[in-house]
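Survey of secondary and tertiary structure
One-letter residues, chain by chain:
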Amino acid sequence: MPDKSSIFLIGPMGAGKTTVGRRLARILNLEFVDSDAEINKKTGVDTATIFEIEGEDGFRKRETRALEELSSRGGIVLATGGGAVLKPENRELLKSRGFVVYLTVPLELQLRRTRRDRKRPLLQTPNPRKRLQQLNRERDPLYRETAHWIVDTQRNDSQRLARELATHIRNNVWQDDSTSRIDAHRPIQ
Ligand SMILES: Nc1ncnc2c1ncn2[C@@H]1O[C@H](COP(=O)(O)OP(=O)(O)O)[C@@H](O)[C@H]1O
Ligand SMILES: O=C(O)C1=C[C@@H](OP(=O)(O)O)[C@@H](O)[C@H](O)C1
Ligand SMILES: [Mg+2]
């Protein structure tokens, strides 16, 4: 039975895991942690440098260690990286240790939200649209397999979305004993 005192955000690059997660943690009075930031702090270098020196495999090994350590803390909002669901052991970890929220975002908005940001090595490509389409196709089933709740992020700015997530979590997750998969395809009222 997952420890629902912790909220784990999953989803593609640009879904808002880091931004909305920080705001959500403040509203719920939980600690905010971001697995990418933890990896950068531990290594002393940015993600692009890790990819350059250790390759994506090296980054994924560090990511699993960070997820293991961070997800064992209670009472947190954890913003994961977009590739956190790639490894089965990561998916099991997340599903079993917290309430997992899949933030979805339409491709055009995802492109707009990430276009100025040079921190994402996987998007330093001549065709970020094509790359995101490929990643989304591969990973959407993995996000869905891991999530307890799916939320569309396109209608709200990050603060308003954080407030609405917090209300939903207080009223439906922390009040309810079964961590049922709440299908929130219907817009949050
Ligand atoms: N719901 C939202 N509405 C508007 N802008 C958003 C929203 N969520 C995130 N953003 C913006 O999109 C960019 C990427 O957000 P970020 O939190 O880094 O996403 P992720 O961690 O999922 O890759 C940031 O500039 C952020 O301010
Ligand atoms: O989608 C991915 O594979 C990645 C997403 C990034 O995190 P965000 O989703 O927070 O940008 C970061 O973990 C790394 O660049 C790899
Ligand atoms: Mg992030």
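Residues numbered from 1 in each chain as written. Chains lettered and ligands numbered in written order. Predicted model: local features only at pLDDT ≥ 70, side-chain atom pairs only at ≥ 80, totals over all residues. Heavy atoms only, no water.

Attention now goes to the pairing of strand β4 (residues 99–104). Burial analysis of β4 places six of its six residues in the buried class, which makes it a mostly covered element. Burial along β4 is two-sided: the face carrying Phe99, Val101 and Leu103 and the face carrying Val100, Tyr102 and Thr104 are both buried. Strand direction decides the pairing type here: strand β1 (residues 7–10) and β4, joined by four bridges, are parallel. Opposite Ile10, over in β4, you have Tyr102 as the bridge partner. Bridging between β4 and strand β5 (residues 149–152) involves four bridges; their strand directions are parallel. (Buried < 20%, exposed > 50% of the residue type's maximum accessible area, 1.4 Å probe, protein only. Helix = DSSP H or I, 4+ residues; strand = E, 2+ residues; numbered from the N terminus. Pairing = 2+ DSSP bridges.)

Neighbouring ligand 1 are 14 residues, the closest being Gly14, Lys17, Thr19, Arg120 and Asn156. Arg113 is positioned with one of its side-chain polar atoms (N or O) 3.5 Å from a nitrogen atom of ligand 1. For ligand 1, a nitrogen atom lies 2.9 Å from a polar atom in the backbone of Asn156. Protein coverage of the free-state accessible area of ligand 1, which is 560 Å², stands at 73%. Looking at the shell around ligand 1, the element that brings in the most residues is helix α1 (residues 17–28), giving three residues. Within the shell around ligand 1, the residues separate by chemical class into three nonpolar, seven polar and four charged. (Near = heavy atom within 4 Å. Polar contact = N/O pair within 3.5 Å; in protein donor to acceptor, adjacent residues only side chain to side chain. Areas by Shrake-Rupley, 256 points an atom, 1.4 Å probe, with all protein chains shown as cover. Nonpolar A, V, L, I, M, F, W, Y, C, P; charged D, E, K, R; others polar.)

The predicted model of the protein averages 93 in pLDDT, with 93% of residues at 70 or higher. This prediction of the complex comes with two scores: 0.94 for pTM and 0.99 for ipTM. (pLDDT = per-residue confidence, 0-100.)

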